[in-house]
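Survey of secondary and tertiary structure
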Amino acid sequence: MLLRTALSVLPLIGSALAQAGGAYIDPDNGISFYGYTEPAHGVTYGYIFPPLASNSSEFIGEIVAPIATEWAGVSPGGAMVNNLLLVAWANGNSIVRSARYATLVGILQEYSSAMAGPVLTDLPSSKVNSTHWKWVYRCQNCVCNTGSVSSIPISGTGVPAWAWSSHAVDDPTNAQSTMAEHDDFGFFGLPWSAAHVTQAQYDLWASGGTGGSSPTGTPTTSSTSPTSTPTATPYDYIVVGAGPGGLIAADRLSEAGKKVLLIERGGPSLGWTGGTYQAPWLEGTNFTKFDIPGLFESMFTDSNDFWWCKDITTFAGCLLGGGTAVNGALYWLPTTHDFSAAAGWPASWANADPYTAKLSARLPGTDNPSTDGKRYLEQSFNVMTQLLTPQGYTNITINSNPNFKDHAYGYSAFSFMNGRRAGPIATYYKTAIARSNLKYFDDTTVLNVVRNGSQISGVLTDNPLIGPAGFVPLNPKGRVVLSAGTFGTSRILFRSGIGPSDMITLVQGDPVAGPQLPPQSQWINLPVGYNVSDNPSINLVFTHPTINDYDNWADVWTSPPPADVAQYLKDQSGVLAQASPRVNFWRAYSSPDGITRWLQGTVRPGAASVTTGYPYNASQLMTITAYLSTGITSRGRIGINAGLTATILENPWFTDPIDKQILLQGLNDIVSTVPLVPGLTLITPDNTTTLTTYVNTYAASNLNSNHWVGACQVGSVVDENTKVEGTNNLFIIDSYQIPSLPMGNPHGMLMSAAEQAVAKILSLTGGP
């Protein structure tokens, strides 16, 4: 049967995309499942099998979903093509379900009687109530190759898939109803070999009985080697998060001879790290989407956007490299002001030059990424020269003089190397992963640190293969370094009983996370999540007859120009060797409150959106994004909701009206010389809307630059050595501890700060 909109065919991607599942017990029926609770939608998917020695072809499974889930599906084999797909939904007080499979042409087939397909039996604990629906089922003829059902690797490990939708099926009463394409899907790693119980226990549950024992693991009578309980290996340092802060910390700590565990919740990114996500025109290469700088704009338009964290309500990269694997890679060396007392830093941080020098030695950066030494799509630079020169701007090589940030402009600089994305992945990670004293686990989420009062003993993860029940211990003098991003680090602290009481109380109410909290008497009250800053940004869209906007980057992922593909694949040169930005500029502004504020502009061919009454040439678009950076006084708050999803609680943009006033002044200055540039036309806003009205009606969500800093800043949440107040051995190396916005995109400044932070940690007494 065809879907009304063809259900996307889920590929078998393996651990590259998977989060790790583990054991749990359903409190309604006492069945010991192996499975996963998907955090973005709160759906639990579980499985349990009879003993391997039985050679059985069946299992018991369940889907437990919030009532807002219109339908959910599972593919235990990890793909929908020629794999079992079970879908279910609530219809009134009943569960409607069916077994299906997808073909290569996107057709979702029913199982016919001639196919000896799956036999589904609903078990008694299936139910629908006011908050959730639960389908508990026995699935016979569901493991071995039967008809078009591929085998589940029940004696090893696997990556089952899930699919979810908030749109109802076409006919909820019909088990074979057509349905629209799923709204979301994903994968999780599962140790199938551990998901077995004795035959007697399985038979009890399969007949509708309740209660019993835990999974047995792979029996010793199997021809497969038995799976033992993971060994609890202790470490000197556990680093949580393989973004820029975590990669630098892991590299420098392991370089110092420490025994280091680096944990990343996502999978690989660049091809040489194990990444596999390719468009057809990349087949036969080791380039992935993340390797090629020119694919940056497609990060926001690809329907298979697995790299974005699904349990954070703003853009955050969940993969090796974090945001540096998916951002535009703009790379600015920090200014002296960025680490000054005026920017909120203790005096001990003021001399950042040695650490910036260490960073530059590893990652020089470039404003000319193409390996042939030529510049491509540079028309916007010529236009901006005509626009900014009459305003007193000077053309400079920006990173040659980082402190020159007033009336300065130049070619955009990037952390690319040899025409490919590099950043901390191709530098710090590359040396760290080669050391025998560093262990790296990906597809593993750290849930909380485990502590007794001020002492951290280890971390709890969702990966049962990393240690008993996912626990990883520290050595007696060991330390934990959190580098999980602004939102991710906040949530780990809340789940560890550190932060404001309203956030920890939400954790306390969660049936899974609550029991892991320390006693309330040991909660540490710190302003985690308060005082966050982000650049408010406004887009101005222009047209000019010389601009080539590269078809507004629309087909750069699916079908870029063949000549550009051939050039890039030959020697990593050409348009695809650079992300979309072409020009950056800065200007300082005095303000009524006596604080100097800096405006940054980023210029790129193309436009995210156009609103105009003018006729215009869609192939000649150019955007100036104006940011307000250093000196802003507006602040907000981030935290979690009742589902433990990380989110913005209070917007940080324009809470101080002076910030809006200065940004508006900057916008007026930018456009003041437009009449001096022949052919340059401002089309968003056009002459029907004033800049004041445009700014006042700009959607708050569109102001977000995703440059979050300050939520755990030095002096309030962490001390000058980045140790979390009230703890003995918990540290933060992240944008989190940066007290205020730097003058440019924070990528480079954060890495300089990480170099300094890890040096301070290593110099402390009492450590490993």
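Residues numbered from 1 in each chain as written. Predicted model: local features only at pLDDT ≥ 70, side-chain atom pairs only at ≥ 80, totals over all residues. Heavy atoms only, no water.

So, about the overall build of the protein chain. If you tally the helices and strands in the protein chain, you get eleven helices and 33 strands. Over its C-alpha atoms the protein chain spans a radius of gyration of 27 Å, differing by no more than 12% from the 27 Å that the globule rule assigns to 768 residues. Taken across its 768 residues, the protein chain has 60% of its residues classed as buried. When contacts within the protein chain are restricted to residue pairs at least 6 apart in sequence, those whose partners lie at least 24 apart make up 71%. A total of about 27000 Å² of accessible surface is found on the protein chain, and carbon and sulfur atoms cover 52% of it. (Helix = DSSP H or I, 4+ residues; strand = E, 2+ residues; numbered from the N terminus. Rg over C-alpha atoms; globule rule 2.2 N^0.38 Å. Buried < 20%, exposed > 50% of the residue type's maximum accessible area, 1.4 Å probe, protein only. Contact = heavy atoms within 4.5 Å. Areas by Shrake-Rupley, 256 points an atom, 1.4 Å probe, with all protein chains shown as cover.)

Here we take up the sheet that holds strand E31 (residues 646-650). The three strands are arranged E25-E30-E31 in an open sheet whose pairing can be described as antiparallel. In this open sheet, the two edge strands, each paired with only one partner strand, are strand E25 (530-532) and E31. Strand-to-strand twist of the sheet, defined as the mean angle between neighbouring strand axes without regard to direction, takes the value 50°. As judged from the four bridges shared by strand E30 (residues 636-640) and E31, these two strands associate in the antiparallel manner. Its bridge partner being in E31, Gly-639 is matched across the sheet by Thr-647. Each of E30 and E31 touches helix H6 (residues 485-495); the most contacted strand, E30, lies at about 60° to it. Sitting on the sheet, helix H7 (residues 501-508) is in contact with E30 and E31, with an inclination near 15° to E30. (Pairing = 2+ DSSP bridges. Axes fitted to C-alpha atoms, helices over the stretch in contact; angles between N-to-C directions.)

Within the secondary structure, Asn-399 is located in the loop between strand E17 (394-395) and strand E18 (408-411). By relative accessible area, Asn-399 is classed as buried at 18%. For Asn-399, the side chain forms a polar contact with the main-chain oxygen of Tyr-331, separated by 2.9 Å. Those residues in contact with Asn-399, other than ones at most four positions away along the chain, are Tyr-331, Trp-332, Leu-333 and Ala-413. (Polar contact = N/O pair within 3.5 Å; in protein donor to acceptor, adjacent residues only side chain to side chain.)

Time to look at the environment of Asn-304. Note that Asn-304 resides in the loop between strand E16 (260-263) and helix H3 (353-362). Judged by its relative accessible area of 14%, Asn-304 is buried. Here the alpha-carbon distance between Asn-304 and Val-481, two residues 177 residues apart in the chain, equals 31 Å. With residues up to four places along the chain from it excluded, the contact list for Asn-304 reads Phe-185 and Tyr-277.

Here we come to the pattern of salt bridges. Taken as a whole, this structure holds 21 salt bridges when the rule is applied. The partner of Asp-669 in a salt bridge is Arg-587, with the nearest N and O atoms 3.5 Å apart. Pair noted here: Asp-669 is in helix H9 (residues 657-671) and Arg-587 is in strand E27 (residues 583-589), with a separation of 82 residues, a long-range link. In this pair, the class of Asp-669 matches that of Arg-587, namely buried. Through salt bridges with shared partners, a single network forms among Arg-252, Glu-255, Lys-358 and Glu-755. (Salt bridge = Lys/Arg side-chain N within 4 Å of Asp/Glu carboxyl O.)

Before going further, it helps to spend a moment on the sheet that holds strand E26 (residues 537-543). Strand order in this open sheet of seven strands is E17-E18-E27-E28-E29-E26-E32, and the pairing throughout is mixed. Only two strands of the sheet have a single partner each, and these edge strands are E17 and strand E32 (681-684). With seven bridges joining them, E27 and strand E28 (residues 597-605) adopt antiparallel strand pairing. Counted as the bridge partner of Ala-588 is Trp-598 from E28. The strands touched by H9 are E26, E27, E28, strand E29 (621-628) and E32; relative to E29, the strand with the most contacts, the crossing angle is about 145°.

Before going further, it helps to examine the state of the cysteines. Applying the stated criterion across every chain yields a total of two disulfides. One disulfide in the model links Cys-139 with Cys-142; its S-S distance is 1.9 Å. Taking the sign of the S-S torsion, about -70° here, the bridge from Cys-139 to Cys-142 comes out left-handed. We note that Cys-139, like Cys-142, is buried. Put simply, Cys-309 and Cys-318 are joined by a disulfide, and their sulfur atoms are 1.9 Å apart. With the S-S bond torsion at 105°, the cross-link from Cys-309 to Cys-318 turns out right-handed. When the bonded cysteines of the protein chain are numbered from the N-terminus onward, they pair as 1-2, 3-4. (Disulfide = S-S within 2.5 Å.)

Further remarks concern the nonpolar core. Ile-238, Val-480, Phe-585 and Ile-670 are the most contacted members of the largest nonpolar core, which totals 152 residues. Residue contributions to this core peak at eight residues, all from helix H11 (residues 747-763). (Core = buried A, V, L, I, M, F, W, Y, C linked by side-chain atoms within 4.5 Å.)

Sequence positions flagged by UniProt for "domain: Glucose-methanol-choline oxidoreductase N-terminal" (unreviewed entry) are, in local numbering, residues 317-340 and 485-499. Summarising residues 317-340: 0% helix, 0% strand, and an end-to-end C-alpha distance of 29 Å. Segment residues 485-499 splits into 73% helix and 0% strand. End C-alpha atoms: 16 Å apart. (UniProt positions renumbered as here; feature names shortened; annotations may be inferred.)

With twelve residues, helix H2 (residues 244-255) should reach 16 Å at 1.5 Å per residue; the first-to-last C-alpha distance of 16 Å fits that figure. The element H2 is largely enclosed, with a buried count of eleven among its twelve residues. Buried within H2 we find Pro-244, Gly-245, Gly-246, Leu-247, Ile-248, Ala-249, Ala-250, Asp-251, Arg-252, Leu-253 and Ser-254. Downstream of H2 by one or two residues, Gly-257 has phi in the positive range, about 90°. (Expected span 1.5 Å × (residues − 1).)

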